Amino acid sequence: MELSEVLQRLVSTATKAFVAGGAAVWLLDETGSRLTAAAGYGVPQAFLQQDPLPLGNSPLAQEALAQGAALVTSAVDDPRQAGLPVEAASALAVPLGPGGRPSGILCVYGARPHQFDLAQAGLLHELAELGGAALAATHALADLEQIEAGKSEFIRVSTHELRSPITVSQSLVRTVLKGYAGPLTDKQKDVFKRISGQLNSLESLVNDLLDLAASQAPELAASEEPVALNSSVARAVLLLQPRAEEKGVTLNFRQWRGELAVWATEEGLDRIFVNLVGNAVKYTPADGEVTVSLQPAGQEAQVIIADTGIGIPAEAAPHLFEEFYRASNARTFNAVGTGLGLAIVKRLVDQFKGRIAVVSTEGQGATFTVGFPLYRPAK
Amino acid sequence: MAQKILLVEDNPDMVVALRMPLEASGYQVFVAASGQDALRLVQELDPALILLDVMLETSTAGFQVSLQLRSPDPKSQYAAYRHIPILMLTAIHTTTSLRFGPDEAYLPVDDFVDKPVDPDVLLEKVRALIEPADLEADHLTE
């Protein structure tokens, strides 16, 4: 929930609970010396849009922050009426948030004098405490999002820097391996092949990192639109068919005849299915089978990728979508892999409001089901 | 006489990786490390082919070089060099699923070579671009 929504609920609840004329939340700025009206209910729009108020000009807020509560029984001849809406005949204010460091005040306004008494401050405190907790959580979330964005940017920049030397090294090694730098002995050739293999693993790691960073940086992503799930899945199957044949794995595809449109980006869907079908082929030994099928299911378009491969150990299942995680049997079965593929898949599926589930028994294959809400154009 | 190839590449190690297979195949390789150098050397050498990296002093300097060389303006100082085939070095195909190809207006090059470079693929593309036109000339001088 957005911060503004949290505060809006707080003031409407307070107004109703106190049968008040209205309520408002005032938030302190970073210096703690000015108050800004952040949400209001039953108060004029102009009251909410006023300039930030120096704390010194609001004796009611000062008293609430200092004493834990402030009560104005009759605004007419009370000097603390400064900062109240003109319509308010009485008011009760308490600090918002934790005792030591309040983030503002919550104030209810009465249409009549003597509408509140200090005994009611306890109830208002409870509301303010809940509001403060929600406020703190929202702030913490915003901080986390900022850290996350910084992390993505760091990965993006550093992968560009990392990729260049890898590319150059790979080109140099290929030039040597193909004999353009002079003849090689068998032992030298063996060494260069090993270097080449290591560079290829490094390259795929860097590419996966870049993919992951790209999927986290919304400003880089293409805008979403209705996309035919059928073509994306068909492309992935087509792309992986040669690899499956090479390995002696049968790759079956059960296409759905009607178009299944989902709200996504084509590139994002391609990444999801190249990853999932690629994994199925990768972790299925020779003579095994991978079956990809597509179908509508209620409000969803479903893609099911079932293989007869090595499966997923029970202890690995909860960690499957974590970055850099690789199941123990995956590491033994296939040395090349970064543990980023499924993290990228999960991120993209979430981005497209889809879901992904996996059912597996170790040694008996795995079945991944991906569902996206079916896109229906508005009539 | 050996055919001249102008290699526009600012990474000295990449130059080594590309120069070896080209020289082993009998081409004479000249190197420009910046877009400016490239435009100067094209006029000086009139090479048979330009092997052009996209990323030079800026991440798209290579595009600028190709746009200048292929400028449709008849009064362009590079008008005499418009016919020289350009082979562009790029990592774009291997790192994204973007498909892009030569485009007369936007990206006037003849073909792409993916980085990391496979020397056999490079030589195949170089031959495909310069041999058909120059074969006749070679026969005439023989």
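Source: prediction; values computed, not measured. (Residues numbered from 1 in each chain as written. Chains lettered and ligands numbered in written order. Predicted model: local features only at pLDDT ≥ 70, side-chain atom pairs only at ≥ 80, totals over all residues. Heavy atoms only, no water.)

### Comments concerning the environment of Ile86 of chain B
Residue and element names in this part refer to chain B. The topology assignment puts Ile86 in strand β4 (residues 86-90). On the basis of relative accessible area, Ile86 is assigned to the buried category, the value being 1%. Here the alpha-carbon distance between Ile86 and Leu6, two residues 80 residues apart in the chain, equals 9.6 Å. Residues within four places of Ile86 in sequence aside, it is in contact with Ile50, Leu52, Ser66, Leu69, Arg70, Pro108, Val109, Asp110, Asp111 and Leu129. (Helix = DSSP H or I, 4+ residues; strand = E, 2+ residues; numbered from the N terminus. Buried < 20%, exposed > 50% of the residue type's maximum accessible area, 1.4 Å probe, protein only. Contact = heavy atoms within 4.5 Å.)

### Overview of the interface of chain A and chain B
Each side of the interface is counted separately: chain A has 15 residues, and chain B has 18 residues. Both faces combined, the contact of chain A with chain B buries some 1,500 Å², and carbon together with sulfur accounts for 62% of it. There are two salt bridges connecting chain A and chain B. Where Asp120 of chain B meets Lys178 of chain A, a salt bridge forms, and the shortest distance between an N and an O atom there is 3.4 Å. Applying the counting criterion to the chain A and chain B interface returns six residue pairs in polar contact (both at pLDDT 80 or more). If you list the elements that add at least two residues to the side of chain A that touches chain B, you get α4 (121-177) and α5 (186-216) of chain A. Among the residues making up the side of chain A that touches chain B, the classes are represented as four nonpolar, six polar and five charged. (Buried area = accessible area lost by both parts, 1.4 Å probe. Salt bridge = Lys/Arg side-chain N within 4 Å of Asp/Glu carboxyl O. Polar contact = N/O pair within 3.5 Å; in protein donor to acceptor, adjacent residues only side chain to side chain. Nonpolar A, V, L, I, M, F, W, Y, C, P; charged D, E, K, R; others polar.)

### Some words on a nonpolar patch on the surface
On the surface, a nonpolar cluster with roughly 310 Å² of combined accessible area is contributed by Leu141, Leu144 and Ile147 of chain A. Tracing the chain through its elements places Leu141 of chain A in helix α4. (Patch = residues over 30% accessible without salt bridge, like charges linked within 9 Å, V, L, I, M, F, W, Y side chains within 5 Å. Areas by Shrake-Rupley, 256 points an atom, 1.4 Å probe, with all protein chains shown as cover.)

### Digging into the domain arrangement of chain A
Residues and elements named next belong to chain A. Under the domain assignment, chain A is made up of domain 1 (3-143), domain 2 (148-219) and domain 3 (223-373). The C-alpha centroid of domain 3 is placed 25 Å from the C-alpha centroid of domain 2. Across the contact, 12 residues belong to domain 2 and 12 residues belong to domain 3. Contact between domain 2 and domain 3 buries roughly 970 Å² in total, counting both sides, with carbon and sulfur atoms accounting for 63%. For the interface between domain 2 and domain 3, the tally reads zero salt bridges. Linking domain 2 to domain 3 there are zero residue pairs in polar contact (both at pLDDT 80 or more). Of all elements in the fold, only α4 and α5 reach the threshold of two or more residues within the side of domain 2 that touches domain 3. By residue number, the principal contributor to the side of domain 2 that touches domain 3 is α5, which donates 10 residues. (Domains from an automatic or database assignment.)

### Observations concerning the pattern of salt bridges
All names here are of chain A. Enumeration according to the criterion identifies 16 salt bridges over all chains in this entry. One salt bridge in this structure joins Glu266 and Arg235, with 3.8 Å as the shortest N-O distance. Taken as a pair, Glu266 in helix α7 (residues 266-282) and Arg235 in helix α6 (residues 229-247) lie far apart in primary sequence, 31 residues in all. Judged by its relative accessible area of 41%, Glu266 falls in the partly exposed class. Between Asp350 and Lys346 there is a salt bridge; the shortest N-O distance is 2.9 Å. Pair noted here: Asp350 and Lys346 are both in helix α9 (residues 341-351), with a separation of four residues, about one helical turn. Judged by relative accessible area, which is 41%, Asp350 ranks as partly exposed. Lys346 gets classed as partly exposed once you look at its relative accessible area, which sits at 28%. One continuous salt-bridge network, built from bridges that share partners, spans Glu63, Asp78 and Arg80.

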